[in-house]
Amino acid sequence: MASYPFRKIERKWQKFWKENDIYKVEDDFSKKKYYILDMFPYPSGAGLHIGHPEGYTATDIIARYKKMCGYNVLHPMGFDAFGLPTERYCMVKGIHPIEATRKNIEVFTNQLNMLGFAYDWSRAVNTTDPSYYKWTQWMFLLIYNSWFDEEQNRARHIDELPIPASLTDRVEIEKYKDEHRLAYIAMIPVNWCEELGTVLANEECDEWREKGYAVERKPMRQWMLKITKYAQRLLEDLELVEWPHSTKEMQKNWIGRSEGADVQFTIQNFDENICVFTTRPDTICGATYLVLAPEHQLVEKIRTAEQKSFIEEYKKKAALKSDLERTELSKEKTGVFTGSYAINPATKQPIPIWIADYVLAHYGTGAIMAVPAHDERDWDFAKQFSLPIVKVVEQEGNNWDIEKAAFPEDGISVNSTFDEFSISGLQTVEAKEKTILWLEEKVIGQRKIQYKLRDWLFSRQRYWGEPIPIMFFEDGTKRALETDELPLLLPDVNEFKPAETGESPLAKVPEWVNFIDKKTGRKARFETNTMPQWAGSCWYYLRYADPRNNEVFCDKEKESYWMQPDGVDLYVGGAEHAVLHLLYARFWHKVLFDYGYVSTLEPFKKLFHQGLILGADGRKMSKSLGNVINPDDVVEQHGADSLRLFEMFIGPLQDAKPWSETGIEGSNRFLNRTWRMIATEEGKLSPDVLDIPMTADQEFILHSTIKKVAEDIEGMHFNTAIAQMMIFANEFYKFEKKPREAIEKFVLCLAPFAPHIAEELWQLLGHSESVTLQKYPEFDEKKAVKSQIEMVVQVNSKIRGKFACELDLTQEEVETKAKEDKKIQSYLEGKQVKKVIFVKNKIINFIVV
RNA sequence: GCUCGGGUGGCGGAACAGGUAGACGCACAGGACUUAAAAUCCUGUGGGAGCAUAUCCCGUGUGGGUUCGAGUCCCACCCCGAGCACCA
């Protein structure tokens, strides 16, 4: 027996869907909406890999199901096409990124269509399309033209920034504004990758390092976005979304909020203060030395002449080390004494000031008060350099030996009583509180909330990205483009190699660095950096709601229809974006929210990460391991429906699971069996499908299948939904005569999973309208339950017998029946029944002695 | 080191809310059809004792506990995976 003609069927229906615009999505505001989104792909030259269809099939199933349930479903697709790989590929091959991107998108589109996804391609977005990046640039300018009002806790237009009366000079006022903008230029040490010819965000470094690229620290002029202003909102609004616990944790961790205090230490013989941040102000009396990061501004000033050479040597060594080396290689603490002393404000004792690279310049104030007794790092350092360790916190009823290890936990303060300050005897929580109040009263410190999150490095020295729409004049002033001047198009060039100066390739384009600004008539040059790949994906979900609008990035009414009340209903994509994309997009969304451009606090209500599809050997697929599966081959051999079904069947969507060649054959077998159950070898409706009533058994199988499939789609348990459909097919295959009603409803259940074969079968069953436009069948709760159940009889909690009986028998009835059983009788004989446990429709348990 | 997941047959995995562990699929074995093979169909399949489709014992990483009853709840430990990692 041959396999069902999947090639013919799949081609036929894909053509039909396209020609009849079956998946067109209308903005019908009268219908209830459902917005389901995939993380859009980066259209690489390699084409779709086997992992893509996993998440896409899952969302396709839900989208089709929701549509059958009467929702107006938005399930769009697009391409995140700016980025380094394309640009690098083009440099090597000598083709233009526009051309390469066009081709890649075409290949991806064909491959996605080959899998039978229900996309409305008229809504597709492409981040490299000028009509799209016009609005990416517009959003950058919105951020640029904003300042963050701490009181109102939101972004406001820069023109509403209160200018201090003391500033009168125009240049000074501009400078003041620039300092407050949410997008600003800074000269900072960045992660420079020579080979890529660009800088990378902190978040990106590891990825490229893993690929074998060297990344070094280098100070450069860069654009930054003040995402840190949103740290608290990004943190607390995580409460509003239904995301995987681990992803929320990762974002919390990344934002890294900690509560504590800034404390000022005076320096002996100097007029300067050193400000430190600590989360344990209660341990101030145990602060026996201070440590500055080697890069700290005051180091040069306060080091003594004798220490000069040691300090300089140490600083040089520290600068050469990357962040990675500073952390991973050096569990052994290093450092140098500056020669100077600070005064501990609580004990009034002089304490030495050191520099050490275990203190990070970019966190807190770049300086710490070291409390070796209660911090492991400080303890290691103190041991290394024989600095004093003073215990100021004790654990109740336990005499901790501070010489053996630090005690970093909460406890009760001790040795903390001095002339004007005393917290001895207080619990850590109270001690912290009292210390902060004292610091604030003495004006030598204040309560402080510190975040690990840093500003977002937003510029790249690349060609293939959105140009930053800012121009600079010869006098150093600058001008942001107006909306009517957007998009600022990328120049058409043939060379994408970076300039020798480390600047972007755009710095070599004459019309970019030397032109007369039409609006002002002044000589100007454009910013030569471009935006990072993350920019376009920060807002694409909004564009799908109104993808061709040239007046605004998204019509207000359409935004509210598709996004209300909680944003995108379901967002599916890889866990690798847990911090980067998902944090950046939330940040932009919040800026848009502050201006009323979007109506929800958060963009994505529910988030789901699909797991990796591994090679058949259980290892990650990679060319070098030779375990890569190509979706084109699989579709050719087994069909798109089999591939879709198999990827959903192998295991829970969120788990990593290995590919299996025999496994996909199993999925194919199920579809073959389904085909033969309904169709003849000639592709006609089988004569066994008849207009006859169902038996009670058949009704039970059908209704429990309708129920289980619906529930499992809603719960995203596709594997068990498919298992249930297999049960249906196995059972009905055996019935000689198949009631038409059952078969039709089954085809409707199958349709979201395997749309091609479902269309064909639906047509064979005599319907002219597409199966995708049908209603999902309803089930009768009463018919979805077995009328006969198996009652388990236990004696002393061990199973000793079973009998079939009607549903909902009483304990008495069950007891009587159980005792009729010879075997049960033998177990009860001569014993005294102490207790009987009865669980309706499940078990009866006799406890005997 | 810290945080979060997770350990169930030969394999991928089921098991609602503490109540028949192993659904469904793969693989394997036997049988039917066939000249033969493939495909298809039927049957079996956690381990052990046993002639047995009689019966019994053991079984969800390990050790304890709660309960009439634990894969599921509690405590301790082991292992695997992911993320963070001198963030003061």
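Calculation rules
- Residues numbered from 1 in each chain as written.
- Chains lettered and ligands numbered in written order.
- Predicted model: local features only at pLDDT ≥ 70, side-chain atom pairs only at ≥ 80, totals over all residues.
- Heavy atoms only, no water.
- Domains from an automatic or database assignment.
- Pairing = 2+ DSSP bridges.
- Helix = DSSP H or I, 4+ residues; strand = E, 2+ residues; numbered from the N terminus.
- Buried < 20%, exposed > 50% of the residue type's maximum accessible area, 1.4 Å probe, protein only.
- Axes fitted to C-alpha atoms, helices over the stretch in contact; angles between N-to-C directions.
- Parallel < 35°, antiparallel > 145°, perpendicular 65-115°, else oblique.
- Left-handed = near helix turned anticlockwise from the far one by under 90°.
- Contact = heavy atoms within 4.5 Å.
- Salt bridge = Lys/Arg side-chain N within 4 Å of Asp/Glu carboxyl O.
- Expected span 1.5 Å × (residues − 1).
- Arc of directions from axis to C-beta.
- Core = buried A, V, L, I, M, F, W, Y, C linked by side-chain atoms within 4.5 Å.
- Phe/Tyr/Trp six-rings, centres within 6.5 Å; stacked < 30°, edge-to-face > 60°.
- Lys NZ or Arg CZ within 6 Å of the ring centre and 35° of its normal.
- Right-handed = clockwise from strand over helix to strand, strands pointing away.
- Disulfide = S-S within 2.5 Å.

J.: Help me out: how do you make sense of the domain arrangement of chain A in this one?
T.: Accessible area lost on assembly of the parts is the figure often given for the size of an interface. Domain annotation of chain A identifies domain 1 (257-451) and domain 2 (788-848). Spacing between the C-alpha centres of domain 1 and domain 2 amounts to 71 Å.

J.: Help me understand the sheet that holds strand S22 (residues 470-473), please; the structure alone is not making it clear to me.
T.: Across the sheet, four strands lie side by side as S23-S22-S25-S24; this open sheet has antiparallel pairing. Of all strands in the sheet, those with a lone pairing partner are strand S23 (478-480) and strand S24 (515-516), marking the two edges. Relative to S23, S22 is paired through three bridges, and the arrangement is antiparallel. Opposite Phe472, over in S23, you have Lys478 as the bridge partner.

J.: Would you take a moment to explain the environment of Thr86 for this structure?
T.: With respect to the helices, strands and loops of the structure, Thr86 is situated in helix H3 (residues 84-93). A residue is classified by how much of its surface remains accessible, and Thr86, at 5% relative accessible area, is buried. The sequence separation of Thr86 and Trp464 amounts to 378 residues, and the corresponding C-alpha distance is 8.0 Å.

J.: Would you mind going over the packing of helix H24 (residues 718-734) against helix H25 (residues 740-750) with me for this structure?
T.: Pairs of packed helices are described in terms of their axes, by the angle between the two and the distance that separates them. Contact geometry of H24 with H25 gives a least axis separation of 11 Å together with a crossing angle of 155°. As far as their axial angle goes, H25 and H24 are roughly antiparallel. As H24 runs across H25, the sense of the crossing is left-handed. Where H24 abuts H25, its residues Met725, Phe728 and Phe732 lie against Ala742, Ile743, Phe746, Cys749 and Leu750.

J.: Teacher, can you tell me more about the pattern of salt bridges here?
T.: For the structure shown, the criterion picks out 63 salt bridges. In this structure, Glu106 and Arg102 form a salt bridge, with 3.3 Å as the shortest nitrogen-oxygen distance. With a gap of four residues between them, Glu106 and Arg102 both fall in helix H4 (residues 97-114), about one helical turn apart. Overall, Glu106 belongs to the partly exposed group, its relative accessible area being 41%.

J.: Looking at this structure, how should I read unusual backbone geometry?
T.: Glycine aside, residues mostly have negative phi angles, and peptide bonds mostly take the trans form. Here the residue pair Leu486 and Pro487 is connected by a cis peptide bond, since its omega of 0° sits within 30 degrees of zero. Secondary-structure assignment places Pro487 in the loop between S23 and helix H15 (510-513). Cis peptide bonds are those with omega within 30 degrees of zero, and the linkage from Gln564 to Pro565 qualifies with 0°. Mapped onto the elements, Pro565 comes out in the loop between helix H18 (556-563) and strand S26 (568-572).

J.: Sorry if this is basic, but what is going on with helix H14 (residues 428-441) here?
T.: An α-helical turn contains 3.6 residues, so any two residues separated by three or four positions project in the same direction. Between its first and last C-alpha, H14 extends 20 Å over 14 residues, near the 20 Å set by a 1.5 Å rise per residue. Buried within H14 are the following residues: Thr428, Ala431, Thr435, Ile436, Trp438 and Leu439. The buried side chains of H14 occupy one side of the element, clustering within an arc of 160° when seen end-on. With respect to the buried face of H14, the exposed residues turned more than 90 degrees away are Val429 and Glu441. Contacts from the buried residues of H14 go to strand S10 (257-267), strand S16 (393-394), strand S17 (412-413), strand S19 (421-422) and strand S20 (445-451). Where H14 ends, the next residue or the one after it, Val443, has phi of about 55°, a positive value.

J.: Would you explain the nonpolar core in this entry?
T.: Considering soluble globular proteins, one finds that nonpolar side chains tend to be buried as a cluster. By size, the foremost hydrophobic cluster in this structure holds 90 residues, and its most contacted members are Phe140, Trp456, Tyr540 and Trp588. Beyond its immediate stretch of four places on either side in the chain, Trp588 contacts Thr136, Met139, Phe140, Ile143, Leu225, Trp456, Phe458, Ala535, Cys538 and Trp539. By size, the runner-up hydrophobic cluster in this structure holds 64 residues, among which are Val73, Phe608, Ala679 and Ile722.

J.: Help me understand the sheet that holds strand S9 (residues 216-225) in this model?
T.: Strand pairing in a sheet relies on backbone hydrogen bonds. The paired strands run either parallel or antiparallel. With respect to topology, four strands assemble into an open sheet ordered S8-S7-S9-S21, the strand pairing being antiparallel. Of all the strands in the sheet, the pair left with one neighbour each is strand S8 (198-200) and strand S21 (456-457). Across ten bridges, strand S7 (residues 183-193) lies against S9 in antiparallel orientation. Among the inter-strand pairings, Pro189 is bridged to a residue of S9, identified as Pro219. Contacts from helix H5 (residues 130-144) reach S7 and S9, with the element oriented near 90° to S9.

J.: Explain the packing of helix H2 (residues 52-68) against helix H21 (residues 640-649) here, please?
T.: It is the contact of H2 with H21, at a shortest axis distance of 9 Å, that shows an interaxial angle of 100°. Considering their axes alone, H2 and H21 lie roughly perpendicular with respect to each other. When H2 is examined against H21, the residues Pro53, Glu54, Thr57, Ala58, Asp60, Ile61 and Arg64 are found in contact with a partner set consisting of Leu643, Arg644, Glu647 and Met648.

J.: Please clarify how the packing of aromatic side chains should be interpreted in this entry.
T.: For any pair of aromatic rings, the description rests on two quantities: the centre-to-centre distance and the angle between the ring planes. This model, assessed by the stated rule, comprises 56 aromatic pairs. Geometrically, the ring pair formed by Phe553 and Tyr597 is edge-to-face, given 6.0 Å between the ring centres and 70° between the ring planes. Of this pair, Phe553 sits in the loop between helix H17 (540-543) and H18 while Tyr597 is found in the loop between helix H19 (580-594) and strand S27 (604-608), placing the two residues 44 residues apart along the sequence. A network of ring pairs unites the aromatic residues Phe140, Tyr144, Phe148, Trp223, Tyr230, Trp456, Phe458, Trp534, Tyr584, Phe587 and Trp588 as a single cluster. In this arrangement the basic side chain of Lys226 is found over the ring face of Tyr184, its NZ or CZ atom lying 5.3 Å from the centre.

J.: Teacher, can you tell me more about the environment of Ile36 here?
T.: Secondary-structure assignment places Ile36 in strand S1 (residues 33-38). Counting along the chain gives 544 residues from Ile36 to Leu580, while the straight-line C-alpha distance between them is 21 Å. Setting aside chain neighbours within four positions, we find Ile36 in contact with Thr59, Ile62, Ala63, Val73, Leu74, His75, Pro76 and Leu570.

J.: Explain the pairing of S27 here, please?
T.: Working note: regular strand, side chains alternate between the two faces of the sheet. As defined by bridge partners, S26 adjoins S27 across four bridges and the pair is classed as parallel. Within S27, the position partnered with Val572 by the bridge is Phe608. With respect to chirality, the unit in which S26 leads through H19 into the neighbouring parallel S27 is right-handed.

J.: Please clarify how the pairing of strand S25 (residues 523-526) should be interpreted in this entry.
T.: Burial along S25 is one-sided: Ala524 and Phe526 are buried, and none of Lys523 and Arg525, which face the opposite way, are. Summarising the sheet, S22 and S25 pair through three bridges and their orientation is antiparallel. Bridge pairing in S25 places Met471 opposite Phe526. Here S24 pairs with S25 via two bridges, running antiparallel.

J.: Where do I start with the state of the cysteines in this structure?
T.: Counted according to the given criterion, the structure contains zero disulfides. Between Cys285, a cysteine without a disulfide, and Cys275, which holds the nearest cysteine sulfur, the sulfur-to-sulfur distance is 18 Å. Residue Cys749 stays outside any disulfide, its sulfur separated by 10 Å from that of Cys69, the closest cysteine.

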